[in-house]
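Each chain, written out:
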Amino acid sequence: MFSKVIVKKPCKNIIKGITSANLGLPDYAEALKQHQNYVEALKKCGLEVIIMEADENHPDSTFIEDTALLTPFCAIIMRPGAKSRISETESVTDFLKDHFENIKTISEPGTIEAGDIMMVGSHYYIGISERTNETGADQLIGILSKYGMTGSKVKLNKILHLKTGLSYLENNHLVISGEFLNHKEFEKFNQIQIEAEESYAANCIWVNDTVIVPAGFPKSKKAIEQTGYMTSVVDVSEFQKLDGGLSCLSLRF
């Protein structure tokens, strides 16, 4: 169960964020509204929401998930694979000092973004992608092992981040789509399969027995509900324009 969550407000320069989505530029005012609705949904799940102010020097900084991995034993500062995002970790590191005694870091030449990391109990699946390399993954596994946790690597072929196509919902339930559907690594899970036309909905988040899902994907919402979960729907279409999803917008702990 989570008790707290850290989010970071979108900045006006969000329109300059990295994207391959071809969905047009995000609308800043609408992004602010959607972000606030996201915050309210997290509060309804019983979380204390801790808000970092916007950072105009980093257009993608609202996607705070990529900057750190928060475990029960330590916070691990990532080293983003997108060069324009590397220095985002500085303000996040300073902020986390008030919440974590143990803070570890990934160092050069390792690159890793936490959008490529999926926690299942004390095990962490790590996607090897354009943003996360083998060196970064190996460093992370080394840190995890010092605290009795484990990690394994999963090669990505098509998608940006591991959690673009996977979301663990606890109790052995795994939302799964695309290239992972026939992946041997995930055969042991009770799979909630997401159809190709709703693939964006594969990025959802479990928060204290409620699953927050993106608006506009009714088949996926129904499939999750049929597994027994309550759902909360949040429109994050402005963030979708920047390849971002629900998990990208927060650090939950």
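Structure first, text after, so check above.
Let us look at the structure shown here. As the structure is a computational prediction, the values presented were derived from the model and not from experiment. (Residues numbered from 1 in each chain as written. Predicted model: local features only at pLDDT ≥ 70, side-chain atom pairs only at ≥ 80, totals over all residues. Heavy atoms only, no water.)

1. Structural notes on the overall build of the protein
Argument step 1. Of the regular secondary structure elements, the protein holds 6 helices and 15 strands.
Argument step 2. For a compact globule of 253 residues, the expected C-alpha radius of gyration is about 18 Å, and the protein comes in at 17 Å, within 12% of that figure.
Argument step 3. Across its three principal axes, the protein shows a C-alpha extent of roughly 40 × 40 × 35 Å.
Argument step 4. For the protein, the residues scored as buried account for 54% of the 253 residues in total.
Argument step 5. Of the contacts formed within the protein by residues at least 6 apart in sequence, a portion of 67% connects residues at least 24 apart.
Argument step 6. Accessible surface for the protein amounts to roughly 11,300 Å². Of this, 48% is attributable to carbon and sulfur atoms. (Helix = DSSP H or I, 4+ residues; strand = E, 2+ residues; numbered from the N terminus. Rg over C-alpha atoms; globule rule 2.2 N^0.38 Å. Buried < 20%, exposed > 50% of the residue type's maximum accessible area, 1.4 Å probe, protein only. Contact = heavy atoms within 4.5 Å. Areas by Shrake-Rupley, 256 points an atom, 1.4 Å probe, with all protein chains shown as cover.)

2. Quick look at the sheet that holds strand S9 (residues 166-168)
Argument step 1. With respect to topology, 3 strands assemble into an open sheet ordered S9-S10-S11, the strand pairing being mixed. With partners counted over all chains shown, the strands left at the sheet margins are S9 and strand S11 (190-193), one partner each. On average, adjacent strands in this sheet sit at an angle of 25° to one another, irrespective of strand direction.
Argument step 2. Bridging between strand S10 (residues 173-176) and S11 involves 4 bridges; their strand directions are parallel. Among the inter-strand pairings, His173 is bridged to a residue of S11, identified as Asn190. (Pairing = 2+ DSSP bridges. Axes fitted to C-alpha atoms, helices over the stretch in contact; angles between N-to-C directions.)

3. Examining the side chain of Thr132
Argument step 1. Here Thr132 shows up in the loop between strand S7 (123-128) and helix H3 (134-146).
Argument step 2. For Thr132, a relative accessible area of 0% corresponds to the buried category.
Argument step 3. At 3.1 Å, the side chain of Thr132 forms a polar contact with the backbone nitrogen of Glu113.
Argument step 4. When neighbours within four sequence positions are excluded, Thr132 is seen to be in contact with Thr111, Ile112, Glu113, Asp116, Ile126 and Gly127. (Polar contact = N/O pair within 3.5 Å; in protein donor to acceptor, adjacent residues only side chain to side chain.)

4. Details of the environment of Met118
Argument step 1. If you trace the backbone, Met118 turns up in strand S6 (residues 117-120).
Argument step 2. Relative accessible area serves as the criterion here: at 2%, Met118 is assigned to the buried category.
Argument step 3. The spatial distance from the C-alpha of Met118 to the C-alpha of Ala223 is 21 Å, given a sequence separation of 105 residues.
Argument step 4. Residues contacting Met118, with those up to four places away along its chain left out, are His123, Tyr124, Tyr125, Leu162, Lys163, Leu166, Ser167, Tyr168, Leu174 and Phe186.

5. Topic: the pairing of strand S1 (residues 4-8)
Argument step 1. Burial of S1 is extensive: 4 of the 5 residues sit out of reach of the surface.
Argument step 2. In the sheet, S1 pairs with strand S2 (residues 48-52) via 5 bridges, with the strands oriented parallel. Bridging from a neighbouring strand, Val5 pairs with Val49 of S2.
Argument step 3. Crossover handedness for the path S1 to helix H1 (residues 28-44) to S2: right-handed.
Argument step 4. As judged from the 2 bridges shared by S1 and strand S15 (residues 251-252), these two strands associate in the antiparallel manner. (Right-handed = clockwise from strand over helix to strand, strands pointing away.)

6. With respect to unusual backbone geometry
Argument step 1. Following Glu108, the chain continues into Pro109 via a peptide bond in cis, with omega recorded as 10°.
Argument step 2. Summarising the element assignment, Pro109 is placed in the loop between strand S5 (103-105) and S6.
Argument step 3. Of note, the phi angle at Asn22 is positive, near 55°, even though the residue is not glycine.
Argument step 4. Inspection of the secondary structure puts Asn22 in the loop between S1 and H1.
Argument step 5. On the accessibility criterion, Asn22 (76% relative accessible area) is exposed.
Argument step 6. A positive phi angle is found at Asp243, which is not glycine, with a value near 65°.
Argument step 7. Structurally, the position occupied by Asp243 is in the loop between helix H6 (237-240) and S15.

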